[in-house]
Amino acid sequence: MSGADIREFSRPMTGPALVPLIDAIEAGEKPVVAAIEGMALGGGLELALGCHYRIAHSKAQLGLPEVTLGLIPAAGGTQRLPRLIGFPAALDMIITGRRVSAGDALKLGIVDQVTERNAGEVAVAFARSVVDCPLVSRRLSTWPPLCPADLDNILQMALARAWQRGRGALAPVACVQAVQAARLPYSQGMQQEQKLMSMLFASPQARALQYCFFSQRAVGKWSMPNGACWDNSTARPIRKAAVIGLGTMGRGIAVCLVLAGIPVIAMETDEKQLEAARRVVMALLEKEVQKLAVGLHLGLIHFTLEQRYLREVDLVIEAVFEDLALKKQLFAELSSVCHPDTLLCTNTSQLDVDQLATATSRPDLVVGMHFFAPANKIKLLEVVFTSRSSPEAVATAMQLGKWLGKVSVAVANCPGFVGNRMLRPYVEQAGFLLEEGATPEQVDSALEHFGLAMGVFRMSDLSGLDVGWRVRKAAGLTGPGVPQGQLLQTQQGYRYSPLADLICQKGRLGQKTGCGWYLYEGPGGHMARPDPWVHAFLEEYRRVHGLQPRSIGQQEVLERCLFALINEGFRVLEDRIVMDPVALDVIYVLGYGWPAHTGGPMYYAGEVGLPRVLGRLEYYQRVHPDIPHLRPSALLRQLVAKGSPPIHKWMWHIEEGSSRL
Ligand SMILES: CC(C)(COP(=O)(O)OP(=O)(O)OC[C@H]1O[C@@H](n2cnc3c(N)ncnc32)[C@H](O)[C@@H]1OP(=O)(O)O)[C@@H](O)C(=O)NCCC(=O)NCCSC(=O)C[C@@H](O)CCCCCCCCCCCCC(=O)O
């Protein structure tokens, strides 16, 4: 039982209410034993907590994920769970919404028994064995709360954690407040639970989070412009895969495959790099084995320098250095080394997948599988199809992503695909704001206050500033031989900020070099500190270019960075790079740390109001006519002209034939 029907939350509810039902079961004189197989989530677990005993199958999972939907467990979960397992463990489960295995549930005291057999049959036998036992001590609502001496401290810390993790989300904080009420007698605690639930239930945040829940499922129902789609295309089984190139991304991808039980050939061309990768990958895998407490066959991965092992794999994921010529050469080699049916996938984050496909003898079997760093942690996968990718290849990559525990989003090939394409105008605005008077920490603080996991400059330092530098060089925007622009700097006819290039030229490449937009405690350090050198550098730059610094408020930072990103999102839709806006929201929430409680950038635009987004873009465009990314997209204009229809109707307004595919 996966809890309440989430779709019902936006409709009038029918049927008996859950709370009185659970209370009635608990108060009954007949012992009730919950037999738990599969999932007991949300209202499902709350129902089980109202029963007098709980028997779980060893593969069952239990949890209270309401917080991820912007809610709290409001069928007594916040009152019964702390009574059963204590405040600290209950707070952890309720604030994070994480699921626990049956084994862990037994250790925590949530279930009375775990079985390998049919849980229903075991529960019936169990019920017979307890039929004469008194039930008084089995009614959790009557238990006095287990209040440890330092409960105030525990609640304080939980509240701080909820604020920090939530990045502006209300539900984690309400979860702590509801659990706190479990100190009170049950009926009073329940009143508090209902009050908090009522406050959250109709909130915009809950609506946005529920939209995220369904969006992450909707993207699985992919389609391509040629009519191929999820229910008319068959994925191939992947019995063995290869990862070529064992840098940071390749290592993470190899770990994902092994954790999913897929045998992996992990290949490098350099002995030293291979050994370094072997150490890191094995250490990561052993950590996972300990964490998950599962038996994992570490022999599933074979490290090698030899291409001959590639003959036996069903799919290759290439993760070599981001260089088109190098990748094309590798893809040409793979064509002759691999079996003719082997799928060839690239993990490029922005190179042209069509060009790579052309280098092979099987362009129909080439797709992009764009993982996000750290690949073994981030849940997003962009599956990039070209004009020649076969439905079977796309279905296989999508299915493999799901198997690896990712949410896969099918996107058409275009520069930067979806995520990085939308990121470009956002990063660009941040650079302009520095020129105009802001500091990296002012910009980041505004973005983090909005709820982004990391501001743009901290994120760039983490990824490595050389990544974007290489892309700009390849695009002819900077580098040797490219003439320096005028004041204000311009390149290719438009405003261009060379600040990031200048920073890179100083050898400041971000965390890995100990400095970038911020200062770190040393190479590889994580703690970003404002850097007086950067401030002096910016002042000097503005002086040389005759730029009068001005004070830039939080609102301008948000509008220029976020609305520029959203505007590019509308262009992505116009070009039909994805099927609909939910794909963009899923990509941003799962891959770029966009706050889920705002739904994602496109949903957020709808909430702010499309006329407002348009109006502000028009305003900034007037002020900065040399920045094309601030020019409102035709789709945005059209949607506003049509009265700002709801997000699920946006695609209806794209003119036929506008696709660039
Ligand atoms: C269950 C899963 C783990 C399964 O995962 P899997 O990967 O196998 O499959 P999918 O995720 O693809 O799902 C398949 C399919 O099923 C749909 N689905 C799954 N769960 C639900 C659900 N709970 N509701 C609706 N639909 C669901 C899913 O969308 C897929 O269908 P699709 O067509 O989209 O392909 C996984 O699905 C999962 O994790 N599910 C969510 C689990 C969850 O979050 N449960 C908690 C639900 S909330 C809840 O239970 C609340 C309780 O605390 C009860 C509260 C009672 C009080 C209620 C009312 C109080 C109102 C007070 C307001 C007063 C108002 C006022 O004052 O005015």
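Residues numbered from 1 in each chain as written. Predicted model: local features only at pLDDT ≥ 70, side-chain atom pairs only at ≥ 80, totals over all residues. Heavy atoms only, no water.

Caption draft 1: The packing of aromatic side chains, seen in detail. What the rule picks out here adds up to 14 aromatic pairs. Relative to Phe-537, the ring of Trp-533 has its centre 5.1 Å away and its plane inclined at 10 degrees; by these criteria the two rings are stacked. Taken as a pair, Trp-533 and Phe-537 lie in helix H21 (residues 532-544) at a separation of 4 residues, close to a single helical turn. Using a relative accessible area of 33% as the deciding quantity, one classes Trp-533 as partly exposed. (Phe/Tyr/Trp six-rings, centres within 6.5 Å; stacked < 30°, edge-to-face > 60°. Helix = DSSP H or I, 4+ residues; strand = E, 2+ residues; numbered from the N terminus. Buried < 20%, exposed > 50% of the residue type's maximum accessible area, 1.4 Å probe, protein only.)

Caption draft 2: Highlighting the UniProt feature "domain: 3-hydroxyacyl-CoA dehydrogenase C-terminal" (unreviewed entry) in the protein chain. UniProt marks residues 416-520 and 557-643 with the feature "domain: 3-hydroxyacyl-CoA dehydrogenase C-terminal" (unreviewed entry), using the numbering shown here. The annotated region residues 557-643 carries 68% helix and 0% strand content, and the separation between its end C-alpha atoms amounts to 27 Å. (UniProt positions renumbered as here; feature names shortened; annotations may be inferred.)

Caption draft 3: View of the site of the ligand. Around the ligand sit 25 residues in total, of which Ser-2, Ala-4, Glu-46, Glu-66 and Arg-217 are the nearest. Between the ligand and the protein, one listed contact pairs a nitrogen atom with a backbone N or O atom of Ala-4 at 2.8 Å. One nitrogen or oxygen atom from the side chain of Lys-221 is found 3.0 Å from an oxygen atom belonging to the ligand. Burial of the ligand by the protein amounts to 66% of the accessible area it has alone, namely 1300 Å². Elements with a minimum of two residues in the shell around the ligand: strand E2 (39-41), helix H2 (43-50), helix H9 (186-201) and helix H10 (204-218). Top contributing element to the shell around the ligand by residue count: H10, with 3 residues. The residue inventory of the shell around the ligand, partitioned by class, reads 13 nonpolar, 5 polar and 7 charged. (Near = heavy atom within 4 Å. Polar contact = N/O pair within 3.5 Å; in protein donor to acceptor, adjacent residues only side chain to side chain. Areas by Shrake-Rupley, 256 points an atom, 1.4 Å probe, with all protein chains shown as cover. Nonpolar A, V, L, I, M, F, W, Y, C, P; charged D, E, K, R; others polar.)

Caption draft 4: Inspection of a positive patch on the surface at higher detail. A cluster of basic side chains, namely Arg-99, Arg-217, Lys-379 and Lys-402, defines a positive patch on the protein surface. As for its placement among the helices and strands, Arg-217 is situated in helix H10. Judged by its relative accessible area of 47%, Arg-217 is partly exposed. (Patch = residues over 30% accessible without salt bridge, like charges linked within 9 Å, V, L, I, M, F, W, Y side chains within 5 Å. Salt bridge = Lys/Arg side-chain N within 4 Å of Asp/Glu carboxyl O. Lys, Arg positive; Asp, Glu negative; His and termini not counted. Charge placed at Lys NZ, Arg CZ, Asp CG, Glu CD.)

Caption draft 5: Inspection of the nonpolar core at higher detail. Of all hydrophobic cores here, the largest spans 149 residues; its most connected members are Leu-257, Val-443, Leu-447, Phe-570 and Leu-573. When residues of this core are assigned to their parent elements, the largest contribution, 11 residues, is made by helix H22 (residues 554-574). In this structure, Val-443 is in contact with Ala-430, Leu-433, Leu-434, Ala-438, Val-456, Phe-457 and Val-557, ignoring residues within four places of it in sequence. In this structure, Leu-81, Ala-90, Ile-95 and Ala-174 belong to the second largest nonpolar core, which totals 51 residues. (Core = buried A, V, L, I, M, F, W, Y, C linked by side-chain atoms within 4.5 Å. Contact = heavy atoms within 4.5 Å.)

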